[in-house]
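Commentary on secondary and tertiary structure
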Amino acid sequence: MTEPIYSWLYAQQGVDAVKAALGRRMEAEAGCSLLEHVALYQLHHNGGRLQMSELVELLDVSPSGVTRLVERLVKRGWVGREQPADNRRLVIAVLTPEGERMCTGTTARVYRASLAEEFTELLSERDLADLRRIGRKLMEGHDRWDVKRYAPPETSQQ
C-alpha cells in the first residue's frame, strides 16, 4: 500500500500547479491576479457585499492580506468600503458596478477559459466527479462545507 502522504502531496502539488497556471493566465489576459478575481467572484456570488472577516474565511488569506487586496480593488474602482455608523470596527467590502462588469465579463471569461484548458481538459468526467466528492468530504470533515457558498446553484436550494 502506498503511503497516504503521496496522495496528499500529489493533490496539493496538483492544485498548486493549476493555480499557478491560472494565475499566469489571469495576469496576462485579464489584467488582474487570480486572488483578485476570486474576491470579485465571492462578492458577486454573495450578493455584492461581504464583511472583511468573511473574505478572510472565504479566501483563506490573513486579515492584513485581505486589507491589502481590498485596497487594490478599491484603487481599481471595482470595490468600495462601507462602515456602519453604529459599528466603526466593522468594514464591509461592496462590489461596484465596474467590479460587477469585470467579474461577470472580462475576468470570468478568462478564468473559465483558463480553467477549461489548465484543469478540466486534463481530467475525465469520472475524475471530476471524484474530485467533487472528495473535496466535499474534506470540507465537511473540517466544518467548511457551506451549501450557500460551494454547492452548484441548481443544488443550493436543498
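Only a predicted model underlies this, so the values are computations on that prediction, with no experimental measurement involved.

Observations concerning the overall build of the protein
Summing up its helical and strand segments, the protein has eight helices and three strands in all. In sequence order, the secondary structure elements of the protein are arranged as α-α-β-α-α-β-β-α-α-α-α. With respect to the principal axes defined by its C-alpha atoms, the protein has extents near 60 × 35 × 30 Å. For the protein, with 158 residues in total, the buried portion stands at 28%.

Some words on the pairing of strand β3 (residues 92-95)
Residues I92 and V94 point to one face of β3 and A93 and L95 to the other, with burial holding for every one of them. Across four bridges, the pairing between strand β2 (residues 79-82) and β3 is antiparallel. Bridge pairing in β3 links V79 to L95.

As for the sheet that holds strand β1 (residues 49-51)
Strand order in the open sheet made by the three strands is β1-β3-β2, with antiparallel pairing throughout. Where the open sheet ends on each side, the last strands, each with one partner, are β1 and β2. If you compare each strand with its neighbour and ignore which way they point, the axes differ by 25 degrees on average. The sheet contacts of helix α2 (residues 34-45) involve β1, β2 and β3, and relative to β3 the element is tilted by about 90 degrees.

Digging into the packing of α2 against helix α4 (residues 63-76)
Their axes nearest at 11 Å, the elements α2 and α4 cross at an angle of 80 degrees. Between α2 and α4, the crossing angle belongs to the class labelled roughly perpendicular. The residues of α4 that touch α2, namely those facing L35, E36, A39 and L40, are L69, R72, L73 and R76. Split by residue class, the contact of α2 with α4 holds five nonpolar, no polar and three charged.

Quick notes on the nonpolar core
In terms of nonpolar packing, the biggest core is built from 25 residues, with L40, L55, V70, L73, W78, V79 and A93 touching the most fellow members. Among the secondary structure elements, those contributing two or more residues to this core are α1 (4-30), α2, α3 (52-59), α4, β3 and α5 (97-104). Discounting chain neighbours no more than four positions away, the residues touching L73 are E36, A39, L40, W78 and V79.

Considering the confidence of the model for the protein
Of all residues in the protein, 92% attain a pLDDT of 70 or more, and the chain-wide mean is 91. Looking over the protein, one finds the lowest element-wise mean pLDDT in helix α8 (residues 147-150), namely 67, and the highest in β3, namely 98.

Digging into a nonpolar patch on the surface
Residues I5, Y6, W8, L9 and Y10 make up a contiguous nonpolar surface patch of about 580 Å² in total accessible area. The topology assignment puts Y10 in helix α1.

Here is what the cut-offs are and how they apply
Residues numbered from 1 in each chain as written. Predicted model: local features only at pLDDT ≥ 70, side-chain atom pairs only at ≥ 80, totals over all residues. Heavy atoms only, no water. Helix = DSSP H or I, 4+ residues; strand = E, 2+ residues; numbered from the N terminus. Buried < 20%, exposed > 50% of the residue type's maximum accessible area, 1.4 Å probe, protein only. Pairing = 2+ DSSP bridges. Axes fitted to C-alpha atoms, helices over the stretch in contact; angles between N-to-C directions. Contact = heavy atoms within 4.5 Å. Parallel < 35°, antiparallel > 145°, perpendicular 65-115°, else oblique. Nonpolar A, V, L, I, M, F, W, Y, C, P; charged D, E, K, R; others polar. Core = buried A, V, L, I, M, F, W, Y, C linked by side-chain atoms within 4.5 Å. pLDDT = per-residue confidence, 0-100. Patch = residues over 30% accessible without salt bridge, like charges linked within 9 Å, V, L, I, M, F, W, Y side chains within 5 Å. Areas by Shrake-Rupley, 256 points an atom, 1.4 Å probe, with all protein chains shown as cover. Salt bridge = Lys/Arg side-chain N within 4 Å of Asp/Glu carboxyl O.

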